[in-house]
Every structure is written in C-alpha cells, then in structure tokens.
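Chain and residue survey
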Amino acid sequence: MSTAAVPARTGQVLADLLPSSRVRDAALVLGGAALTGLAAQLSVPVPGSPVPVTGQTFAALLVGTSLGAGRGLLALALYAVAGVAGVPWFAQGTSGVLPSFGYILGMILAATVVGALARRGADRSMLRMAGTMLVGEAIIYAIGVPYLALSTGMSATAAIAAGLTPFLIGDALKAALAMGALPTAWKFADKR
C-alpha cells in the first residue's frame with residue numbers, strides 16, 4: 001500500500017483535533033448526549049410499532065465516530081441514564097424505560113464500536129464509512145429488536161416486522177449522510 005493512501009491522522013477521531021483538556025472532553029460528552037436527545041425529537045410514529053423513526057440513531061453513530069469509543073460510550077450512557085432518570089429527551093419527549101429502550105442500549109454499544117473503528121480510520125472514506133455505519137446499525141438492531149420482543153411479549157417475527165423492517169430505508173439514508181459528512185470533514189481538517 002502506498003503511503004499516499006494512509007490517512008495522515010490515523011489514530012485520531014475528529015474530536016481529537018480540538019485542543020486536549022478535561023473540560024473539552026466533558027463538553028464533548030455533554031454535547032454528544034444533548035445532540036442525541038435533540039435528534040430524538042425528530043420523530044415520526046410508525047403505524048403498528050411502538051418504535052418511531054427518529055434522528056436518534058444517526059446522532060448516536062455520529063457521536064461515536066466523531067468522539068471516539070470512550071467519549072462516545074460516555075455520551076450515550078449519559079443520554080440513557082438521564083432519560084431513565086426523567087429527562088424527557090427520548091423519542092417524542094418521553095423518558096423512563098420504554099419498549100424501545102433496547103435500541104438506546106444498542107446505541108451505547110454501537111457508539112463505542114464505531115468510535116473504535118473511526119480511530120482506526122474507518123471514517124476517512126465513503127466506502128469504509130458505509131461499512132462502519134452498517135456495523136453500528138446492526139448492533140443497535142441486534143439489541144433493540146430482541147428487547148422489544150421481550151418487553152412487549154411480541155414474537156420474534158412480530159418484533160422484526162415492528163422494530164426493524166420499517167426502518168431499513170431511513171437508516172440507509174442516514175448512513176448515506178454520514179458516508180458523505182465524515183470523510184468530507186476529514187478532507188477539510190487535513191487541508192488546515
């Protein structure tokens with residue numbers, strides 16, 4: 001492999017381009033949680049499903065890839081804990097442990113994994129970013145759909161029909177946005 005193909009900043013995520021401090025890290029974690037909470041308010045109910053379409057998954061994966069595994073995990077964990085404690089920033093201004101809470105648990109793990117992948121350069125090209133988003137989405141559904149089935153008493157087939165199938169097209173669009181946004185951000189950062 002030629003050295004021209006290797007990103008100049010391998011080992012970094014976008015947040016690492018800011019001057020390092022504990023205040024920066026705390027602000028990034030709080031900002032990541034708040035961004036996820038705001039994105040969750042972009043919510044459209046899905047007929048026949050207790051799970052709405054939201055901007056939440058996009059935000060969670062964006063937070064993970066931008067902040068890295070550690071800060072991404074903390075941001076999504078803060079989002080989850082605050083929402084369970086009563087902050088009304090889950091989808092549609094709700095809080096507490098809901099049938100859709102498994103997706104939030106999945107987002108915590110997904111943000112961590114995509115953050116680790118981003119640190120290895122997975123956010124530098126459109127193709128690698130597509131794979132990273134697919135991995136993140138798969139993790140969210142792998143936890144969210146079984147949780148939905150268990151919490152509602154749905155069969156596995158019903159949970160897939162209510163908690164996965166209606167979201168595939170929207171998630172593909174969200175992944176496409178991320179595929180363009182993060183590699184473009186790196187191109188601008190590398191020109192500085």
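Notes on the structure follow. (Residues numbered from 1 in each chain as written. Predicted model: local features only at pLDDT ≥ 70, side-chain atom pairs only at ≥ 80, totals over all residues. Heavy atoms only, no water.)

**So, the pattern of salt bridges**
To keep things clear, this is the line we draw: Think of a salt bridge as a Lys or Arg side-chain nitrogen and an Asp or Glu carboxyl oxygen that are within 4 Å of each other. Helix and strand assignments follow DSSP, with helices taken as H or I runs no shorter than four residues and strands as E runs no shorter than two, numbered in order from the N terminus. Only protein chains enter the calculation, and the probe is 1.4 Å; a residue is then buried if its accessible area is under 20% of its type maximum, exposed if over 50%, and partly exposed in between.
With the rule as written, the count across this model stands at six salt bridges. Across the pair Arg71 and Asp25 runs a salt bridge, and its minimum N-O distance is 3.0 Å. Taken together, the residues Arg71 in helix α3 (residues 69–84) and Asp25 in helix α1 (residues 22–40) connect sequence positions 46 residues apart. On the accessibility criterion, Asp25 (25% relative accessible area) is partly exposed. With a shortest N-O distance of 3.4 Å, Lys174 and Asp171 are connected by a salt bridge. Residue Lys174 and its partner Asp171 are located together in helix α7 (residues 168–191), separated by three residues, close to a single helical turn. On the basis of relative accessibility, which here comes to 7%, the residue Asp171 falls in the buried class. Through salt bridges that share partners, Asp16, Arg24, Asp25, Arg71 and Arg119 make up one connected network.

**Examining the packing of aromatic side chains**
To be explicit about the condition: Classification of ring pairs rests on two measures: the distance between centres of Phe, Tyr or Trp rings, Trp counted by its six-membered ring, which must be within 6.5 Å, and the angle between planes, read as stacked under 30 degrees, edge-to-face over 60 and tilted in between.
The tally for this structure, following the rule as stated, stands at five aromatic pairs. With a centroid separation of 6.1 Å and an interplanar angle of 50°, the aromatic rings of Phe90 and Phe101 are classed as tilted. Remark: Phe101 occurs in helix α4 (residues 101–119) and Phe90 occurs in the loop between α3 and α4; sequence separation between them is 11 residues. Ring pairs connect the aromatic residues Tyr79, Trp89, Phe90, Phe101 and Tyr147, which therefore count as one cluster.

**Some remarks on empty space enclosed by the protein**
Using a probe with the size of a water molecule, rolled over the atoms, empty space left in the structure can be pinpointed. Stated formally: Cavities and pockets are found on a 1 Å grid laid over the protein atoms alone: a cavity is a set of points where a 1.4 Å probe fits but cannot escape, a pocket is an open set with protein on both sides within 12 Å along at least five of seven lines, and a lining residue has an atom within 4 Å of such a point. Grid points are joined across faces, edges and corners, and a volume is the space filled by probe spheres set on the points. Ten residue types, Ala, Val, Leu, Ile, Met, Phe, Trp, Tyr, Cys and Pro, are classed as nonpolar, four, Asp, Glu, Lys and Arg, as charged, and the remainder, Gly among them, as polar.
Taken as a whole and assessed by the stated rule, the structure comprises one cavity of 30 Å³ or more. Empty space within the largest cavity amounts to approximately 200 Å³. Around the largest cavity, the lining is made up of 19 residues, and of these Val51, Pro52, Thr54, Gln56 and Tyr103 lie nearest the centre. Looking at the lining of the largest cavity, the elements that each hand over two or more residues are β2 (53–54), α2 (56–67), α4, α5 (126–152) and α7. Among the elements that line the lining of the largest cavity, the one with the most residues is α4, at three residues. Within the lining of the largest cavity, the residues separate by chemical class into 12 nonpolar, five polar and two charged.

**Here's the deal with the packing of α2 against α5**
The line we're drawing: To get an axis, a line is fitted to the C-alpha atoms, and for a helix only the part in contact is used. The angle between two axes follows their N-to-C directions and goes from 0 to 180 degrees. Orientation categories follow fixed angle ranges, with anything under 35 degrees roughly parallel, anything over 145 roughly antiparallel, 65 to 115 roughly perpendicular, and all other angles oblique. For any pair of crossing helices, the crossing counts as left-handed if the nearer helix is rotated counterclockwise from the farther one by less than a right angle, and right-handed if it is rotated clockwise. Two residues form a contact once any of their heavy atoms are found within 4.5 Å.
Close contact between α2 and α5 brings their axes to 11 Å; oriented N to C, the two are set at 120°. Looking at the two axes, α2 sits oblique to α5. For α2 against α5, the interelement crossing comes out right-handed. Within the contact between the two elements, α2 uses Thr57, Leu61 and Thr65 and α5 uses Met129, Thr132, Met133, Gly136, Glu137 and Ile140.

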